[in-house]
Amino acid sequence: MGNVTITIDGQKVTVPQDYYIIQAAKEIGIDIPALCYDPNLEVAGACRLCLVEVEGWRKLETSCSTKVREGMVIYTESERVVNMRKEILQLLLDNHPNDCLTCQKAGECLLQQYAYRYDVKFREHDGARRPNYVDTSSPYILKDDSKCILCGKCVRTCAQVHDRKVLAFAGRGFDTRIVADGDFTLEESSCVSCNRCVVVCPVGALVDRRLLGKTRVWDSQIKGVKCKACDYGCNFEVISKKGKNIAVRAKAPSQGRPLCLKGRLTTEFIYLDEPETPYKKVNGKFVEASWKEALELDGIFEKLVEEEKKGVGAE
Amino acid sequence: MMTIQELNEIKERTLKTMELRLQKKDTGKHVLICGGPGCHSSNAGEIKEVFEEKIREKGLDDVKVTLAGCFGLCETGPNVEIYPEGIFYSRIKVEDIDKIVDSHLCKGEIVEELLYEGSIEDGNIKPVSEVDFYKKQVKIALRNCGIIDYENIDEYIALDGYQALAKVVLEMTPQEVIELMKEANLRGRGGAGFPAGRKWETAFKYPADQKYVICNADEGDPGAFMDRSILEGDPHSVLEAMAICGYAIGADQGFIYIRAEYPVAVHRLEVAIRQAREKGLLGKNIFGTDFNFDIELRLGAGAFVCGEGTALMESIEGKRGMPRPKIHRTAHRGLWGKPTIINNVETFANVPAIILKGADWFKSIGTEDSPGTKVFALGGKIKNTGLVEIPMGITLREIIFDIGGGIPNGKEFKAVQTGGPSGGCIPKEHLDTPVDFASLGKLGSIMGSGGMIVLDEDDCMVDIARFFLDFTVDESCGKCVPCREGTKRMLEILERIVNGEGTPEDLDRLESLAETITEGSLCGLGQTAANPVISTMKYFRDEYEAHVYEKRCPAGSCQALLEFFITEDCIGCTKCARNCPVSCIEGKVKERHVIDTGKCIKCGTCMEVCPVGAVIKR
Ligand SMILES: Cc1cc2nc3c(=O)[nH]c(=O)nc-3n(C[C@H](O)[C@H](O)[C@H](O)COP(=O)(O)O)c2cc1C
Ligand code: SF4
Ligand code: SF4
Ligand code: SF4
Ligand code: SF4
Ligand code: SF4
Ligand code: SF4
Ligand code: FES
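### Regarding the overall build of chain B
Thought 1: Secondary structure summary: chain B contains 25 helices and 19 strands in total.
Thought 2: Compactness check: chain B gives a C-alpha radius of gyration of 27 Å against a globular reference of 25 Å for 618 residues, within 12% of the reference.
Thought 3: For chain B, the C-alpha atoms occupy an extent of roughly 90 × 70 × 40 Å along the three principal directions.
Thought 4: When burial is assessed residue by residue, chain B has 60% of its 618 residues classed as buried.
Thought 5: Contacts spanning at least 24 positions in sequence make up 70% of the contacts within chain B whose residues lie at least 6 apart.
Thought 6: For chain B, the accessible area works out to roughly 23,500 Å², and carbon and sulfur atoms hold 47% of it.
Thought 7: One way to put it: in chain B the 74 positive side-chain charges average out to a point 3 Å from where the 95 negative ones average out.

Here it is, written out as structure tokens:
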């Protein structure tokens, strides 16, 4: 595959010709705001925040879904682009709860970050808003619909694992929502609590419930670890505060690293000082489980003990 | 398998049975009953049965009765035509049939009181072809509608059906077909007007193990039924054209994406596909060549956005009908990633005629930039509502006043809305604009798929914009931010304005939202959603301002802004004052009464009870 050379904000860069503009920009350290783009997911073109101006083109183009072409001259922060981003962010904020003070996502939230970057504020108005529906049925995931910006990343990442496809869009237009299996709570649905969706959610609409209220990102140390429960070796983060490991969360799933609940619990068990009670889904209900059950060590554990005993006897 | 000889035999044989209708023979009679969408929803089927029964009773064996596709004049349906004279009866009820059979069919005496009103001029009875409504029309896409029996493939074949397909597969190379289509410059009739030939060429050029042809029969514009009429009245023309397209680009599979709310069209397409397969006109080795082509139906759930090409393909692929970003052209990577042609029903319906009659013939109709014809569904405040096919380039005035018969009830024309929710309103001063893609675009509207809604002095332009936006807000798929969030905010503002709560800032906000939505949205739905607002703000800004600054609706249509007022005709009978539920009318006996508009709840009681009509709304 050949290369092409393009100019972004006055800098020349040579990239493979199947690159999207946003990827080329990243190569030279230009960060184009993007809420729905994720290099590991199918391109959606939904948030429209990544619009850029291409010299000689009539319309603004989304950099996440426009391929580079030889000689392209691109402006990522022109006045026209910035105005459009402000308008789009304002539309999002006009339909978003003013909850950054206590939101678990604060500090890592992309909407918050971009609103700051483009100086767009929450404001009062008496128009319609997203219904304030919060799904607390899962001990692992808090789903707060009122904060959802419908980027669709959760839907796409969930569908990437064979047989999952739990999440989907429902309703239309302003009433569009993300639902699990038609319209069930996460508990009733076929969700396997892998937390892939939580990891990709750019805002506080899907958060890891086992982190809730424990710490803020700027208050804690984060260390990357690899899951030891199976060969995939998915990435997790151990979060610690005051020298104590207080929580584990999944990191972005990548190609061939699917994430799963058992892996998460195993990682919790290994690293956390005081691991919280694990829950298992039994017939569509979350029930408390022993660690032995949660890590699926039943039988194995007894056998291990037996083997050890045998080993002692044989010696 | 069908050979060209067999095709010609069917043609000759069937043509004989149709001569009367085609006015080529004048013994015997042929009764044609309109089975189009408007008339069918009334009781064309029953009318046909009663006709047949009466004719049997009278022993008239040389009279044939046929249900045909839409005649166009839906306003006056159920419609009946009698050939060879071409006499047009309208608003036919079952009780009227006796009379028509007794006098017209038995004695040859025309039943004047049942005639379509437009067919009598200066005391003379005109045949249907001379009626104003039809005179200025030129039929290409609708050439067979209302003439052939839509469930009989032989009648389609009789009128040169499948000759174009035969010509293409037996005598032409795919390149030649594409050249001919490019030369004819047939532009897409589904809205955007992209030249079909160029699109086909792109799909032809990309080699692939599989290619697809899709007919877009989603037809989601409110009030539009052009495509439906073609599918119901002449389904084979679309099947034939899709096969021609398949031959040209190298596809062997076609899909017709049609909304499930069109059960009649779905049924007729099923019948047509079955008949075409039985005759070997679809399937393997068409006309004995190695060209294979088959067509399947895919039913849509009736979301407007599913008419958008990429959403339509998502839907066929079994996903939620949401548009996808256009990274590649559909003709390059479309359905299941394969080269795909999507054309509109009417676009396809033109194709066989172009193949048979040539590009020069096609270009002799219409304008240079927009050759051919366009079908419109005329609606709103117009005398002849219905379906018309006009040559491109005739003016809006000709369509509305000559063909459409003008505005009923002596009202004044105000504007015409073309292009449905994606289009705009065109005011009086531009009535002489020719109808073609570029001219309508320049005025801030679009040709669209062919909705044409006429508005008169009683229509409030802010409310019209609100109406279309309301539709868009409902139909937005919710995927992208500008459309999902922006159209809702715009609608909220328009609702405020028609309720008399608009502020001057609202007008600025409307303009900036319109820009964001137009420029920022992912698909055509959002990109054009603001057009009704932009065009009404451009041509009727005074109406917006009257609502906002004076809390007044100049058209007298916005209920919230109306005031009840007692004129000097008041005789002081006190009836209104006694009936007013909130006692806001004052006045002495035999003196003019006055309404306290601050307290009035606009219930209208005073207007109803006033014996001299002195209470008005203004
Ligand atoms: C929101 C939306 C709805 C559309 N609906 C239809 C439709 O119902 N029928 C149609 O033929 N084209 C529709 N189109 C246009 C199609 O995207 C496409 O341009 C067309 O089918 C191409 O065929 P043509 O070139 O023959 O017109 C729609 C476009 C948009 C953006
Ligand atoms: S999701 Fe982001 S923007 Fe919304 S409240 Fe939480 S931190 Fe603030
Ligand atoms: S946790 Fe996993 S299975 Fe459950 S919805 Fe999220 S991605 Fe899907
Ligand atoms: S829940 Fe999060 S990831 Fe899913 S659509 Fe909403 S904002 Fe995007
Ligand atoms: S998270 Fe699950 S899939 Fe990933 S490595 Fe651990 S056990 Fe394996
Ligand atoms: S413009 Fe509207 S209909 Fe089109 S993708 Fe965006 S939200 Fe959906
Ligand atoms: S409209 Fe009703 S409330 Fe108003 S003055 Fe007339 S009767 Fe009274
Ligand atoms: S990142 Fe490009 S549209 Fe969302």
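### Points about the pattern of salt bridges
Thought 1: Enumeration over the complete set of coordinates arrives at 62 salt bridges over all chains.
Thought 2: Ionic pairing is found between Arg85(A) and Glu77(A), a salt bridge with its closest N-O pair at 3.1 Å.
Thought 3: What makes Arg85(A) buried here is its relative accessible area of 1%.
Thought 4: Between Lys29(B) and Glu85(B) there is a salt bridge, and its shortest N-O distance comes to 3.1 Å.

### A few points about the site of ligand 4
Thought 1: Around ligand 4, the surrounding shell consists of Cys148(A), Ile149(A), Leu150(A), Cys151(A), Gly152(A), Cys154(A), Ile178(A), Cys201(A), Pro202(A), Val203(A), Ala205(A) and Leu206(A).
Thought 2: Split into classes, the residues belonging to the shell around ligand 4 amount to eleven nonpolar, one polar and no charged.

### Some points on the packing of helix 11 (residues 235–249) of chain B against helix 14 (residues 345–357) of chain B
Residue and element names in this part refer to chain B.
Thought 1: Where helix 11 meets helix 14, the axes come as close as 8 Å, and the angle between the chain directions of the two elements is 75°. In this view, helix 11 runs roughly perpendicular relative to helix 14, as classed from their interaxial angle. Two secondary-structure elements touch here, helix 11 through Ser 237, Val 238, Glu 240, Ala 241, Met 242, Ile 244 and Cys 245 and helix 14 through Val 345, Phe 348, Ala 349, Val 351, Pro 352 and Ile 355.
Thought 2: The residue makeup of the contact of helix 11 with helix 14, split by class, is eleven nonpolar, one polar and one charged.

### Observations regarding the packing of aromatic side chains
To describe a pair of aromatic rings, one takes the distance between the centres and the angle between the planes.
Residue and element names in this part refer to chain B.
Thought 1: Taken as a whole and judged by the stated rule, the model has 16 aromatic pairs over all chains.
Thought 2: Between the aromatic rings of Tyr 156 and Tyr 162, the centroid separation amounts to 5.3 Å while the plane-to-plane angle is 85°, which identifies the pairing as edge-to-face. With respect to burial, Tyr 156 and Tyr 162 carry one shared label: buried.
Thought 3: Clustering of aromatic rings is evident, with ring pairs tying together Phe 71, Phe 88, Tyr 116, Phe 133 and Tyr 134.
Thought 4: Here the guanidinium or amino end of Arg 268 rests over the ring plane of Tyr 150, the centre of that ring lying 3.6 Å away.

### Side note on the environment of Ser422(B)
Residues and elements named next belong to chain B.
Thought 1: The residue Ser 422 is located in the loop between strand 13 (413–418) and strand 14 (424–427) in this model.
Thought 2: Spatially, the C-alpha atoms of Ser 422 and Glu 232 are 26 Å apart, while their sequence positions differ by 190 residues.
Thought 3: Once residues within four sequence positions are removed from consideration, Ser 422 is found in contact with Phe 304, Ile 446, Thr 528 and Asn 531.

### Points about the site of ligand 6
Thought 1: Within the structure, ligand 6 sits among 13 residues, and Cys477(B), Cys480(B), Cys483(B), Cys523(B) and Gly526(B) are positioned closest to it.
Thought 2: A class-by-class count of the residues in the shell around ligand 6 yields eight nonpolar, four polar and one charged.

### Some thoughts on helix 2 (residues 79–93) of chain A
Thought 1: Over its 15 residues, helix 2 of chain A extends 21 Å from the first C-alpha to the last, a length consistent with the 21 Å expected when each residue adds 1.5 Å.
Thought 2: Taken together, the buried positions of helix 2 of chain A are occupied by Val81(A), Val82(A), Met84(A), Arg85(A), Ile88(A), Leu89(A), Gln90(A), Leu91(A), Leu92(A) and Leu93(A).
Thought 3: Here the buried face of helix 2 of chain A lies against strand 3 (51–54), strand 5 (73–75) and helix 3 (110–117) of chain A together with helix 19 (481–498) and helix 20 (504–520) of chain B.

### Looking at the sheet that holds strand 4 (residues 87–89) of chain B
All names here are of chain B.
Thought 1: In space, the four strands of this open sheet follow the order 2-1-3-4, with mixed pairing throughout. Unpaired on one side and paired on the other, strand 2 (63–68) and strand 4 mark the two borders of the sheet. With strand direction ignored, the average angle separating the axes of adjacent strands in the sheet is 20°.
Thought 2: Bridge count between strand 1 (residues 29–34) and strand 2: six bridges; the pairing is parallel. Paired with Lys 29 across the two strands is Val 63, which belongs to strand 2.

### What about the domain arrangement of chain A?
Thought 1: As assigned here, chain A comprises domain 1 (3–88), domain 2 (121–213) and domain 3 (215–315).
Thought 2: Using only C-alpha atoms to locate each centre, domain 1 of chain A and domain 3 of chain A end up separated by 40 Å.

### So, the domain arrangement of chain B
Thought 1: What the domain assignment lists for chain B is domain 1 (4–135), domain 2 (161–362), domain 3 (373–456), domain 4 (461–549) and domain 5 (562–617).
Thought 2: Taken over C-alpha atoms, the centre of domain 2 of chain B sits 62 Å from the centre of domain 5 of chain B.

### Observations concerning the interface of chain B and chain A
Thought 1: Listed per partner, the contact involves 33 residues of chain B and 35 residues of chain A.
Thought 2: On the chain B side of the interface with chain A, the three residues burying the most area are Arg484(B), Arg489(B) and Glu519(B), jointly 22% of the side's total.
Thought 3: The interface formed by chain B and chain A contains two salt bridges.
Thought 4: For the salt bridge of Glu519(B) with Arg80(A), the shortest nitrogen-to-oxygen distance reads 2.4 Å.
Thought 5: Taken together, chain B and chain A are joined by 15 residue pairs in polar contact (both at pLDDT 80 or more).
Thought 6: Looking at side-chain class alone, the side of chain B that touches chain A contains eleven nonpolar, nine polar and 13 charged residues.

### Quick word on the confidence of the model for chain B
Thought 1: Looking at chain B, pLDDT values average 93 and 99% of them are 70 or higher.
Thought 2: For this predicted complex, the interface score ipTM comes out at 0.93, alongside a pTM of 0.90.

### Notes on the environment of Leu491(B)
All names here are of chain B.
Thought 1: Examined against the element boundaries, Leu 491 turns out to sit in helix 19.
Thought 2: Look at Leu 491 and you get buried, because its relative accessible area is 5%.
Thought 3: On a C-alpha basis, the gap between Leu 491 and Ser 449 in space is 24 Å, while along the polypeptide they are 42 residues apart.
Thought 4: Apart from residues lying up to four places away in sequence, Leu 491 is in contact with Arg 466, Leu 469, Asp 470 and Val 473.

### Description of the side chain of Gln163(B)
All names here are of chain B.
Thought 1: Looking at where Gln 163 falls in the secondary structure, it is placed in helix 7 (residues 163–171).
Thought 2: Gln 163 sits in the buried class, given a relative accessible area of 13%.
Thought 3: If sequence neighbours within four positions are ignored, Gln 163 has contacts with Ile 4, Leu 7, Asn 8, Lys 11, Glu 240 and Leu 356.

### Concerning the nonpolar core
Thought 1: Of all hydrophobic cores here, the largest spans 99 residues; its most connected members are Met490(B), Leu510(B), Val533(B) and Tyr544(B).
Thought 2: Those residues within four positions of Met490(B) in sequence are excluded, and the remaining contacts are Leu469(B), Leu510(B), Leu513(B), Ala514(B), Ile517(B), Ala530(B) and Val533(B).

### Notes on unusual backbone geometry
With glycine set apart, most residues show a phi of negative sign, and most peptide bonds adopt trans.
Residues and elements named next belong to chain B.
Thought 1: Backbone torsion omega between Gly 77 and Pro 78 reads -10°, so that peptide bond is classified as cis.
Thought 2: Within the secondary structure, Pro 78 is located in the loop between strand 2 and strand 3 (80–83).
Thought 3: Of note in this structure, Glu 219 is not a glycine but carries a positive phi near 35°.
Thought 4: Positionally, Glu 219 belongs in the loop between strand 7 (212–217) and helix 10 (226–233).
Thought 5: Residue Glu 219 is classed as buried on the basis of its relative accessible area, which comes to 9%.

### Observations concerning a nonpolar patch on the surface
Thought 1: On the surface, a cluster of nonpolar side chains totalling about 400 Å² of accessible area is made up of Leu297(A), Ile300(A), Phe301(A), Leu304(A) and Val305(A).
Thought 2: Topologically, Leu304(A) is positioned in helix 8 (residues 300–314).

Rules behind the numbers
- Residues numbered from 1 in each chain as written.
- Chains lettered and ligands numbered in written order.
- Predicted model: local features only at pLDDT ≥ 70, side-chain atom pairs only at ≥ 80, totals over all residues.
- Heavy atoms only, no water.
- Helix = DSSP H or I, 4+ residues; strand = E, 2+ residues; numbered from the N terminus.
- Rg over C-alpha atoms; globule rule 2.2 N^0.38 Å.
- Buried < 20%, exposed > 50% of the residue type's maximum accessible area, 1.4 Å probe, protein only.
- Contact = heavy atoms within 4.5 Å.
- Areas by Shrake-Rupley, 256 points an atom, 1.4 Å probe, with all protein chains shown as cover.
- Lys, Arg positive; Asp, Glu negative; His and termini not counted.
- Charge placed at Lys NZ, Arg CZ, Asp CG, Glu CD.
- Salt bridge = Lys/Arg side-chain N within 4 Å of Asp/Glu carboxyl O.
- Near = heavy atom within 4 Å.
- Nonpolar A, V, L, I, M, F, W, Y, C, P; charged D, E, K, R; others polar.
- Axes fitted to C-alpha atoms, helices over the stretch in contact; angles between N-to-C directions.
- Parallel < 35°, antiparallel > 145°, perpendicular 65-115°, else oblique.
- Phe/Tyr/Trp six-rings, centres within 6.5 Å; stacked < 30°, edge-to-face > 60°.
- Lys NZ or Arg CZ within 6 Å of the ring centre and 35° of its normal.
- Expected span 1.5 Å × (residues − 1).
- Pairing = 2+ DSSP bridges.
- Domains from an automatic or database assignment.
- Buried area = accessible area lost by both parts, 1.4 Å probe.
- Polar contact = N/O pair within 3.5 Å; in protein donor to acceptor, adjacent residues only side chain to side chain.
- pLDDT = per-residue confidence, 0-100.
- Core = buried A, V, L, I, M, F, W, Y, C linked by side-chain atoms within 4.5 Å.
- Patch = residues over 30% accessible without salt bridge, like charges linked within 9 Å, V, L, I, M, F, W, Y side chains within 5 Å.

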